[in-house]
Amino acid sequence: MLKVGNQIINLNAIAYVDLVAKRSYVVKGDDLGVRIYLLCSDREGNLCSLFFCGDDAVYLRKYFQAVGELCGGVESVKKC
């Protein structure tokens, strides 16, 4: 379990994490934060997600980057 602010997140429920995410895909110039996608979907079939900004986002970036290093490193994969 991971506590961020007043939320507790089950790490087993995470599908993937976007470390540099926008709050909204529609608005330009949006603040960047961290978005955690969960292993559940909404009515349209999209993965449910949680968005964090500010100090919470900084904490989550450091946490997931440190966990990646402990698990053998994080490799960047170039998208086609």
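Let me begin by describing the structure that accompanies this report. Every value quoted in this text rests on a predicted model; they were computed, and no experiment measured them.

1. Concerning the packing of aromatic side chains
The full count for this structure, using the stated rule, is two aromatic pairs. Ring centres of Tyr-16 and Tyr-37 lie 4.4 Å apart, and the angle between their planes is 15 degrees; this geometry places the pair in the stacked category. Placement of Tyr-16 in strand E3 (residues 14–22) and of Tyr-37 in strand E4 (residues 32–41) is noted, with a sequence separation of 21 residues between them. Aromatic pair Tyr-63 and Phe-64: ring centres 5.1 Å apart, planes at 85 degrees, arrangement edge-to-face. Classification of Tyr-63 by relative accessible area gives partly exposed; the value is 24%. Judged by relative accessible area, Phe-64 falls into the buried class, the value being 18%.

2. A look at the side chain of Arg-35
With respect to the secondary-structure elements, Arg-35 resides in strand E4. Notably, Arg-35 is buried but unbridged: the nearest opposite-charge side chain belongs to Asp-18, and the N-O separation is 6.2 Å. At a separation of 2.7 Å, a polar atom in the side chain of Arg-35 contacts the main-chain carbonyl oxygen of Arg-23. Polar contacts involving the side chain of Arg-35 include one to the side chain of Ser-49, which spans 3.0 Å. Once residues within four sequence positions are removed from consideration, Arg-35 is found in contact with Tyr-16, Val-17, Asp-18, Ala-21, Lys-22, Arg-23, Ser-24, Tyr-25, Ser-49, Leu-50 and Phe-51.

3. Quick word on the pairing of E4
Moving residue by residue along a regular strand, the side chains alternate between the two faces of the sheet. In this sheet, E4 lies alongside E3 in antiparallel orientation, the contact comprising six bridges. Bridged to Ile-14 within E4 is Leu-38. Bridging between E4 and strand E5 (residues 47–52) involves five bridges; their strand directions are antiparallel. When the sheet's bridge partners are listed, Val-34 is paired in E5 with Phe-52. Counting the residues in the hairpin turn of E4 and E5 gives five residues, including Gly-45, whose phi is positive at 90 degrees.

About the cut-offs
Residues numbered from 1 in each chain as written. Predicted model: local features only at pLDDT ≥ 70, side-chain atom pairs only at ≥ 80, totals over all residues. Heavy atoms only, no water. Phe/Tyr/Trp six-rings, centres within 6.5 Å; stacked < 30°, edge-to-face > 60°. Helix = DSSP H or I, 4+ residues; strand = E, 2+ residues; numbered from the N terminus. Buried < 20%, exposed > 50% of the residue type's maximum accessible area, 1.4 Å probe, protein only. Lys, Arg positive; Asp, Glu negative; His and termini not counted. Salt bridge = Lys/Arg side-chain N within 4 Å of Asp/Glu carboxyl O. Polar contact = N/O pair within 3.5 Å; in protein donor to acceptor, adjacent residues only side chain to side chain. Contact = heavy atoms within 4.5 Å. Pairing = 2+ DSSP bridges.

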